[in-house]
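# Summary of structural features
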Amino acid sequence: FVSLIVVCLVSVQIFSQNAKLLCLTTSMMCGAVGSFTQLFAKTFAEALDAVVSGEEPFKNPLPYISICTTLVFGITQFTLLNRALSRYNTFVVSPFVNSTLIILGSVYSVIFFEEWKRFSVLSWVLLPLGIICTALGVVLLACNHNPLGHGHGDHRSSLTEDMLSPIQVSSTKIPKSSSETEENSR
């Protein structure tokens, strides 16, 4: 299932020229890779916890594999995140990366660590409800977004325009030097 999703996301990256679609798939790939980073980091943390408890988990290869995969997935995640943030609007990339990371990380942890065996009825209801709410928010965000910002890809101007109203932007003056500040105060 996960392999199918990754193949679809990579295929879109290779064959699509649509900026919205590229922004979404790059962000989702980063979140998906990040969820694997978290999963393998937690696996390594569990091995360290076993050492503290007096067990010897480092006699088998799983902790070493988890260290290597955490590093590989972590480097890949940050590479994809930097790529997405350098090309697309931060206000679009960040929510997609984080929501994908949260959704997939939750699902992977429930399956991999067999947390579903300890679920109560309330957990069985609330986990899917939380995933659906998060996914719905992502879909609503995906419907109407500008992946490149407001201008010609200038993310700094779009950040200013999004955070300040037009009245504030036109009435705000930033002094060029300290001497200009002194002249204005006289």
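One can find the structure itself at the top, above this paragraph.
Procedures and definitions
The written sequence of each chain sets the order in which its residues are numbered from 1. At least 70 in pLDDT is required for a residue's local features to be given in this predicted model, at least 80 for side-chain atom pairs to be given and counted, and no such filter applies to totals for whole chains, interfaces and linings, which use all residues. The basis for every side-chain value is the complete set of non-hydrogen atoms in the structure, without hydrogens or water. Runs of E in the DSSP output that reach at least two residues are strands. Runs of H or I that reach at least four are helices, and both are numbered from the N terminus. Only protein chains enter the accessibility calculation, which uses a 1.4 Å probe; a residue whose area is less than 20% of its type maximum is buried, one above 50% is exposed, and one in between is partly exposed. Working rule for contacts: check all heavy atoms of both residues, and any pair within 4.5 Å makes them a contact. Only the protein chains shown count as cover for residues, with accessible areas throughout obtained via the Shrake-Rupley method and a probe of 1.4 Å. N or O atoms closer than or at 3.5 Å make up a polar contact, with two conditions inside protein: a donor-capable atom paired with an acceptor-capable one, and, for residues adjacent in sequence, both atoms drawn from side chains. By definition here, a salt bridge exists when the distance from a side-chain nitrogen of Lys or Arg to a carboxyl oxygen of Asp or Glu is within 4 Å. Nonpolar side chains (Val, Leu, Ile, Met, Phe, Trp, Tyr) within 5 Å and like charges within 9 Å form the patches, drawn only from residues with over 30% relative accessible area and no salt bridge. Structural elements are reduced to axes, namely lines fitted to C-alpha atoms, with helices fitted over the stretch in contact, and the angle between N-to-C directions of any two is expressed from 0 to 180 degrees. Each angle is binned into one of four classes, with values under 35 degrees roughly parallel, values over 145 roughly antiparallel, values of 65 to 115 roughly perpendicular, and all other values oblique. The sense of a crossing depends on the near helix, which, turned anticlockwise from the far helix by less than a right angle, makes the crossing left-handed and, turned clockwise, makes it right-handed. In the scheme used here, Gly and all other residues not listed as nonpolar or charged are polar, with Ala, Val, Leu, Ile, Met, Phe, Trp, Tyr, Cys and Pro taken as nonpolar and Asp, Glu, Lys and Arg as charged. Side-chain rings of Phe, Tyr and Trp, where Trp is taken by its six-membered ring, are said to pair if the distance between their centres is within 6.5 Å; with planes under 30 degrees apart they count as stacked, over 60 as edge-to-face, and otherwise as tilted. Both a distance and an angle decide whether a charge sits over a ring: NZ of Lys or CZ of Arg must be within 6 Å of the ring centre and within 35 degrees of the ring normal.

### A word on the overall build of the protein
Assigned secondary structure in the protein consists of eight helices and zero strands. Ordering the α and β elements of the protein from the N terminus gives α-α-α-α-α-α-α-α. Residue burial in the protein is summarised as follows: out of 186 residues, 29% are buried. In the protein, the share of contacts with a sequence separation of at least 24, taken over all contacts with a separation of at least 6, comes to 68%. Accessible surface, the protein as shown: approximately 12400 Å² in total, 67% of it carbon and sulfur.

### A closer look at the side chain of Glu115
You can see Glu115 is positioned in the loop between α4 (90–112) and α5 (121–143). Residue classification places Glu115 among the buried positions, given a relative accessible area of 19%. Polar contacts involving the side chain of Glu115 include one to the side chain of Lys42, which spans 3.2 Å. Apart from residues lying up to four places away in sequence, Glu115 is in contact with Lys42, Ser109 and Val110.

### Here we look at the pattern of salt bridges
For the coordinates displayed, the defined rule picks out three salt bridges. In this structure, Lys42 engages Glu115 in a salt bridge whose closest nitrogen and oxygen atoms are separated by 3.2 Å. With a gap of 73 residues between them, Lys42 in helix α2 (residues 19–52) and Glu115 in the loop between α4 and α5 connect regions that are remote in the sequence. With a closest N to O distance of 3.0 Å, Glu114 and Lys117 form a salt bridge. Here Lys117 falls in the exposed class, since its relative accessible area comes to 55%.

### Points about a nonpolar patch on the surface
Together, Val121, Leu122, Val125, Leu126 and Leu129 make up a nonpolar patch on the protein surface, roughly 490 Å² of accessible area in all. Assignment of secondary structure puts Leu122 in helix α5. When its relative accessible area of 56% is taken as the criterion, Leu122 is described as exposed.

### Description of the packing of α2 against helix α3 (residues 62–87)
Where α2 meets α3, the axes come as close as 8 Å, and the angle between the chain directions of the two elements is 155°. Classified by the interaxial angle, the pair formed by α2 and α3 is roughly antiparallel. Considering how the two elements wind past one another, α2 and α3 form a crossing that is left-handed. For the contact of α2 with α3, the residue count by class is 15 nonpolar, ten polar and no charged.

### Details of the side chain of Thr25
Here Thr25 lies in helix α2. Thr25 sits in the buried class, given a relative accessible area of 5%. Filtering out sequence-adjacent residues up to four positions away, Thr25 remains in contact with Leu9, Val12 and Gln13.

### A closer look at the packing of aromatic side chains
Scanning the model with the defined rule gives eight aromatic pairs in all. Taken together, a centroid distance of 5.0 Å and an interplanar angle of 90° make the contact between Phe112 and Phe113 edge-to-face. The class of Phe112 is partly exposed, set by a relative accessible area of 43%. The residue whose ring lies beneath Lys42 is Phe113, and the NZ or CZ to ring-centre distance is 4.5 Å.

### Some words on the packing of α2 against α4
Contact geometry for α2 and α4: axes closest at 7 Å, N-to-C directions at 40°. Taken together, the axes of α2 and α4 are oblique relative to one another. Crossing handedness for the pair α2 and α4: right-handed. Class assignment for the residues of the contact of α2 with α4 results in 15 nonpolar, nine polar and no charged.

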